[in-house]
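Descriptive analysis of the structure
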Amino acid sequence: MSDLAIVVPVYNEAENVLPMVREVAAAMAHDGRGYELLFVDDGSTDPTWERIAQARRDDPRVRGLRHVRNCGQSAALWTGFQATRTPLIATLDGDLQNDPAELPRMLALLAEADFVCGRRAHRQDNWSRRLSARVARWARGMVLRVGFADVGCGLRVFKRTVLAGVFGFHGLHRFLPILVAGGGFVTLEVPVRHRPRVAGVSKYGVWNRLGRGILDLLAVAWYQQRRLQPVATVELGAACPPTEAASRAPATTGA
């Protein structure tokens, strides 16, 4: 049985599927643990699904799930989480701007944290994506008072247990580290390489995320204020030790 599921949401990324499979295999050869590579095709209209099927024929560690219609990146990630059972999960964006070679280093850090997320160093995006990222980071800092520098980085590794306090919603992919930290789990943000897109077309810009991003931000802010935290209890006649989640305070650190 595999220890790790690597979940990759893809939408019209046909040219990036097979290179992704090769790069993940090369990276995980240095790690040594068993893994499955799950592509979640979010209703692509190009040959993405055919490339996933080809990859599956060549490598049995590859799996594929396909949405019958386009539902968005968060929905694709959530589908992947629900369709796997491994104790560890990793995520990568399907555009190959995340470097799979970072995975072994980040997995090793799970010895000291529950959730490790990347912080893209020297981002290789166009001006509109960099601008939207700056605006979003400023807004999250003002409203949520969080110290994460780059919650939008798709390169993450974590223990499945952190999903216990997370629910599926459109926009989840942008707020997952915040929700995990708010649930009392230890999070770590580390710098990672970021590469320019060499195939396919970006689906994101300033205007197609602005309105939804504001609504998501307000909703998450409300939830963070109202969410119930684990509480240590004492049983009549016998002391009941606090649960593991209750005994540790939320922590976010950078490295």
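Anyway, here's the lowdown on the structure attached to this text. Counting starts from 1 at the beginning of each chain's written sequence and moves along it residue by residue. For this predicted model, a pLDDT threshold of at least 70 governs which residues receive local features, and a threshold of 80 or more governs which side-chain atom pairs are given and counted, while totals over whole chains, interfaces and linings are taken from all residues. Side-chain figures throughout are based on the complete set of non-hydrogen atoms in the structure, without hydrogens or water.

Bringing helix H1 (residues 14-29) into the picture now. In this description a helix means any DSSP run of H or I spanning at least four residues, a strand means any run of E spanning at least two, and both kinds are numbered starting from the N terminus. Multiplying 1.5 Å by the residue count of a helix minus one yields the expected span of that helix. Over its 16 residues, H1 extends 24 Å from the first C-alpha to the last, a length consistent with the 22 Å expected when each residue adds 1.5 Å. We call two residues contacting when some pair of their heavy atoms lies within 4.5 Å. On its buried side, H1 packs onto strand E1 (4-10), strand E2 (35-41), helix H2 (48-58), strand E3 (62-66) and helix H4 (103-108).

Mapped onto the fold, Asp-42 is located in the loop between E2 and H2. Within the structure, Asp-42 has its side chain in polar contact with the side chain of Asn-70 (distance 2.8 Å). One polar contact links the side chain of Asp-42 to the main-chain amide nitrogen of Gly-72, over a distance of 2.7 Å. Those residues in contact with Asp-42, other than ones at most four positions away along the chain, are Val-10, Tyr-11, His-67, Arg-69, Asn-70, Cys-71, Gly-72, Gln-73 and Ala-76. Two N or O atoms form a polar contact when they lie within 3.5 Å of each other; inside protein one atom must be a possible hydrogen donor and the other a possible acceptor, and for residues adjacent in sequence the pair counts only when both atoms belong to side chains.

So, on to the nonpolar core. In plain words, nonpolar cores are sets of buried Ala, Val, Leu, Ile, Met, Phe, Trp, Tyr and Cys residues tied together by side-chain atoms within 4.5 Å. To sort residues, take the accessible area from a 1.4 Å probe on protein chains only and compare it with the maximum for the residue type: under 20% means buried, over 50% means exposed, and anything in between is partly exposed. Formed by 32 residues in total, the largest nonpolar core has its most connected members in Ile-6, Leu-37, Phe-39 and Val-116. The set of elements that each furnish at least two residues to this core consists of E1, H1, E2, H2, strand E4 (88-91), H4 and strand E7 (186-193). In this structure Ile-6 touches Val-24, Met-28, Tyr-35, Glu-36, Leu-37, Leu-38, Ala-90, Leu-92 and Leu-103, once residues within four positions along its chain are discounted. Counting residues in hydrophobic clusters, the runner-up holds 24 residues, among them Ala-76, Leu-77, Leu-163 and Ile-178.

Attention now moves to the pattern of salt bridges. Proximity of charged atoms lets side chains of opposite charge pair with each other. Any Lys or Arg side-chain nitrogen found within 4 Å of a carboxyl oxygen on Asp or Glu counts as a salt bridge. Throughout the structure, instances matching the rule amount to 11 salt bridges. Residue Asp-31 is joined to Arg-33 by a salt bridge in which the shortest nitrogen-to-oxygen separation is 2.5 Å. Residue Asp-31 is classed as partly exposed on the basis of its relative accessible area, which comes to 22%.

The geometry of an aromatic ring pair comes down to the distance between the two centres and the angle between the two planes. Stacked, tilted and edge-to-face are the three classes assigned to paired rings of Phe, Tyr and Trp, where Trp is represented by its six-membered ring and a pair needs centres within 6.5 Å; plane angles under 30 degrees give stacked, over 60 edge-to-face, the rest tilted. All chains considered together, the criterion is met by four aromatic pairs. With centroids separated by 5.7 Å and ring planes inclined at 90 degrees, the aromatic side chains of Phe-81 and Phe-158 adopt a geometry described as edge-to-face. With Phe-81 in helix H3 (residues 73-82) and Phe-158 in strand E6 (residues 156-159), this residue pair connects regions lying 77 residues apart in the sequence. No difference in accessibility class separates Phe-81 from Phe-158, as the two residues are buried. Relative to Phe-169, the ring of Phe-167 has its centre 5.1 Å away and its plane inclined at 35 degrees; by these criteria the two rings are tilted. Phe-167 gets classed as partly exposed once you look at its relative accessible area, which sits at 34%. Cluster of aromatic residues (ring-pair linked, three or more members): Trp-78, Phe-81, Phe-115 and Phe-158.

Our focus in this paragraph is the packing of H3 against helix H6 (residues 172-182). Where H3 meets H6, the axes come as close as 9 Å, and the angle between the chain directions of the two elements is 60 degrees. By the criterion of interaxial angle, the relationship of H3 to H6 is oblique. Contacts between H3 and H6 involve Gln-73, Ser-74, Leu-77, Trp-78 and Phe-81 from the former and Leu-172, His-173 and Leu-176 from the latter. Residues are grouped as follows: nonpolar covers Ala, Val, Leu, Ile, Met, Phe, Trp, Tyr, Cys and Pro; charged covers Asp, Glu, Lys and Arg; every other residue, Gly included, is treated as polar. Partitioned by chemical class, the residues of the contact of H3 with H6 number five nonpolar, three polar and no charged. Angles here are taken between N-to-C directions and fall from 0 to 180 degrees, while the axes themselves are lines fitted to C-alpha atoms, restricted in helices to the stretch in contact. Note on terminology: angles under 35 degrees are roughly parallel, angles over 145 are roughly antiparallel, angles of 65 to 115 are roughly perpendicular, and the others are oblique.

Time to look at the pairing of E1. Counting buried residues along E1, seven of its seven residues qualify, which places the element largely inside the surrounding structure. The side-chain alternation of E1 yields two buried faces, one formed by Leu-4, Ile-6, Val-8 and Val-10 and the other by Ala-5, Val-7 and Pro-9. In this description, strands pair whenever DSSP reports at least two bridges between them. Sheet topology note: the E1/E2 ladder contains seven bridges and is parallel. Within the sheet, the bridge partner assigned to Val-7 lies in E2 and is Leu-38. Following the chain from E1 across H1 to the adjacent parallel E2, one finds a crossover that is right-handed. Relative to E4, E1 is paired through four bridges, and the arrangement is parallel. Counterpart to Val-7 in the pairing with E4 is Thr-91. Crossover handedness is defined here as right-handed if the route from the first strand over the helix to the second strand goes clockwise, with the strands pointing away from the viewer.

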